[in-house]
Amino acid sequence: MTASPNRRLIAVVLLVPVLVALALWAFTWPAARTAPRDLPLGVAGPAPAAAQLEARLAQHDGAFEIHRYASADEAREAVEHRAVYGAVVATEHGPELLTASAASPVVAQLLREAVTASAPGGTEVPVTDVVAAPAADPRGSVLGSGILPLAIAGVAAGAVVTLLGLRGGRAATALLGVAALVGVVAAAVTDSWLGALTGNWWAEAGALGLTVLAIGAAVAGFAALIGPAGIGIGALLMVLLGNPFSGVTSAPELLPRPVGTIGQWLPPGAGGSLLRSVAYFDGHAASGAVLTLALWSVCGLAAVLIGGRLRRPAAPAPEAAPAREAALAG
């Protein structure tokens, strides 16, 4: 039964404010509650001095997850491999801080403030940026703002494939083609033109394309299984939740629990983490993000193929036999 015009009017009037409230919650609440929560941080140096550093850092209750290293070289390697966001090294001249602004400029600044505040009064803390953000994007603005366009591209790909009536193998081929081309174009813009990404060009294009594929396949998969309403579900999940929960502009460990964790399970968060790894850290700590994106891609494409079979149009009924032949048969 078709809803009356008055009911449709009421539905629109009530639905839009609800969506606005949900969008405001998703985008503003995590930002308003930004604080370190078990942020991986290394401590290195002689045992007694390192223990003192760890005790001072422990005063920031629940802020840091401390990893102990035997030497400054081991701590530096951990920072370079994205095992920790930074490390405090105890030396005979006092604490020294190793950071990686490429991992998160926000976290690098936070560590400067926290370690300086924890140092003995009047002690100047030398800071070494082990993996610095590129000069063309020192604040990480390009990478941070680039995830939303990727999410929109993925949602658009899934929606267009659905609305054009592509099914099965044709739909999967279209999604793969769009993802590959978007990855190449996005790498050309962010790396070749803007210089904001500085890693292996093809690895960056692959990370960008895989992110779009995971999102597009999920949206098309939802639509293939449950109909056009799946486009809305996919859009809400990827854009309304996935983008603000990604932590790409700060760090997942700075978001309220369990928002940061949920964000890394969704393609925008996993895509941002993967892109950061291949662009600045030679692919270190990329395996988890690759697995997440691959699972979304495979499951989404499988749903597209299965849904294409389930929703295949029924074969047309055979034409009625001529009346004369029917009469003779009778």
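These numbers were taken from a predicted model, which means no experiment stands behind them.

A.B. asks: With reference to specific residues and values, describe the sheet that holds strand 4 (residues 94-99).
C.D. replies: Taken together, 5 strands build an open sheet; the order of strands is 2-1-3-4-5 and the sheet is mixed. The outermost strands of the open sheet, each flanked by one partner alone, are strand 2 (64-69) and strand 5 (127-129). Recorded for the sheet is a direction-independent mean angle of 25° between the axes of neighbouring strands. Where strand 1 (residues 39-44) lies against strand 2, 6 bridges are found, and the strand directions are parallel. Residue pairing in the sheet places alanine 44 in a bridge with tyrosine 69 of strand 2. Sheet contacts for helix 2 (residues 47-57): strand 1, strand 2, strand 3 (86-91) and strand 4; angle to strand 2, the most-contacted strand, approximately 175°.

A.B. asks: Help me get a handle on unusual backbone geometry, residues and values and all.
C.D. replies: For the peptide bond that leads from arginine 257 to proline 258, omega is 0°, which places it in the cis range. Take proline 258: it is sitting in the loop between helix 8 (229-242) and helix 9 (259-265). We note that aspartate 282 has phi near 55°; this positive angle belongs to a residue other than glycine. Structurally, aspartate 282 is set in the loop between helix 10 (267-280) and helix 11 (287-310). Notably, alanine 285 is not glycine yet its phi reads approximately 60°, a positive angle. For alanine 285, a relative accessible area of 44% corresponds to the partly exposed category.

A.B. asks: Can you lay out the packing of aromatic side chains for me, pointing to particular residues and giving the numbers?
C.D. replies: Under the defined criterion, the tally for this structure stands at 3 aromatic pairs. Both rings, one in tryptophan 25 and one in tryptophan 29, keep their centres 5.7 Å apart while their planes meet at 10°; by these two values the pair is stacked. With tryptophan 25 and tryptophan 29 both in helix 1 (residues 5-32), this residue pair falls 4 residues apart, about one helical turn. The class for tryptophan 25 is partly exposed, based on a relative accessible area of 39%. Between tryptophan 25 and phenylalanine 245, the ring centres sit 5.9 Å apart and the planes meet at 75°, which makes this aromatic pair edge-to-face. With tryptophan 25 in helix 1 and phenylalanine 245 in the loop between helix 8 and helix 9, the pair connects residues that are 220 residues apart, well separated along the chain. Members of the aromatic cluster, joined through ring pairs, are Trp25, Trp29 and Phe245.

A.B. asks: Describe the side chain of threonine 99, and please don't skip the residues or the numbers.
C.D. replies: Looking at the element boundaries, threonine 99 is found in strand 4. Among the residues examined, threonine 99 registers a relative accessible area of 1% and is labelled buried.

A.B. asks: Describe in detail empty space enclosed by the protein, supporting the description with residues and values.
C.D. replies: Counting across every chain of the model gives 2 cavities of 30 Å³ or more. For the largest cavity, the calculated volume is near 50 Å³. Forming the boundary of the largest cavity are Leu53, Arg56, Leu57, Val88, Pro95, Val115, Ser118 and Ala119. It is helix 2 that provides the largest number of residues to the lining of the largest cavity, a total of 3 residues. The residue makeup of the lining of the largest cavity, split by class, is 6 nonpolar, 1 polar and 1 charged. Considering only enclosed or pocket space, the second largest cavity measures out at about 30 Å³ in volume.

A.B. asks: Residues and numbers for the pairing of strand 3, please.
C.D. replies: Every other side chain in a regular strand lies on the same face of the sheet, so the side chains alternate between the two faces. Counting buried positions along strand 3 gives 5 out of 6 residues, so the element sits mostly inside the fold. As paired strands, strand 1 and strand 3 are joined by 3 bridges and run parallel to one another. Within the sheet, the bridge partner assigned to glycine 42 lies in strand 3 and is alanine 87. Pairing of strand 3 with strand 4 involves 6 bridges; the strand directions are antiparallel. Counterpart to alanine 90 in the pairing with strand 4 is proline 95. Counted between consecutive antiparallel strands, the loop separating strand 3 from strand 4 contains 2 residues.

A.B. asks: I'd like a rundown of the packing of helix 10 against helix 11, residues and numbers included.
C.D. replies: Interaxial distance between helix 10 and helix 11 falls to 8 Å at its minimum, and their mutual angle equals 140°. By the criterion of interaxial angle, the relationship of helix 10 to helix 11 is oblique. Between helix 10 and helix 11 lies a crossing of left-handed hand. Touching Pro267, Ala270, Gly271, Ser273 and Leu274 of helix 10 are Ala289, Val290, Thr292, Leu293 and Trp296, all from helix 11. Looking at side-chain class alone, the contact of helix 10 with helix 11 contains 7 nonpolar, 3 polar and no charged residues.

A.B. asks: So what about the nonpolar core? Which residues, and what values?
C.D. replies: With 68 residues, the main nonpolar core has Leu39, Phe64, Leu111, Leu175 and Tyr280 as its most contacted residues. Ranked by residue count, the leading element in this core is helix 7 (residues 201-226), at 8 residues. Excluding anything up to four places from it in sequence, phenylalanine 64 contacts Asp38, Leu39, Leu41, Leu57, Leu110, Leu111 and Ala114. Among the nonpolar cores identified, the runner-up in size contains 9 residues, and Ala151, Val155, Ile215 and Ala218 belong to it.

Cut-offs applied
Residues numbered from 1 in each chain as written. Predicted model: local features only at pLDDT ≥ 70, side-chain atom pairs only at ≥ 80, totals over all residues. Heavy atoms only, no water. Pairing = 2+ DSSP bridges. Helix = DSSP H or I, 4+ residues; strand = E, 2+ residues; numbered from the N terminus. Axes fitted to C-alpha atoms, helices over the stretch in contact; angles between N-to-C directions. Contact = heavy atoms within 4.5 Å. Buried < 20%, exposed > 50% of the residue type's maximum accessible area, 1.4 Å probe, protein only. Phe/Tyr/Trp six-rings, centres within 6.5 Å; stacked < 30°, edge-to-face > 60°. 1 Å grid on protein atoms, 1.4 Å probe; cavity = no way out; pocket = protein on both sides within 12 Å on 5 of 7 lines; lining within 4 Å. Points joined across faces, edges and corners; volume = space filled by probe spheres on them. Nonpolar A, V, L, I, M, F, W, Y, C, P; charged D, E, K, R; others polar. Parallel < 35°, antiparallel > 145°, perpendicular 65-115°, else oblique. Left-handed = near helix turned anticlockwise from the far one by under 90°. Core = buried A, V, L, I, M, F, W, Y, C linked by side-chain atoms within 4.5 Å.

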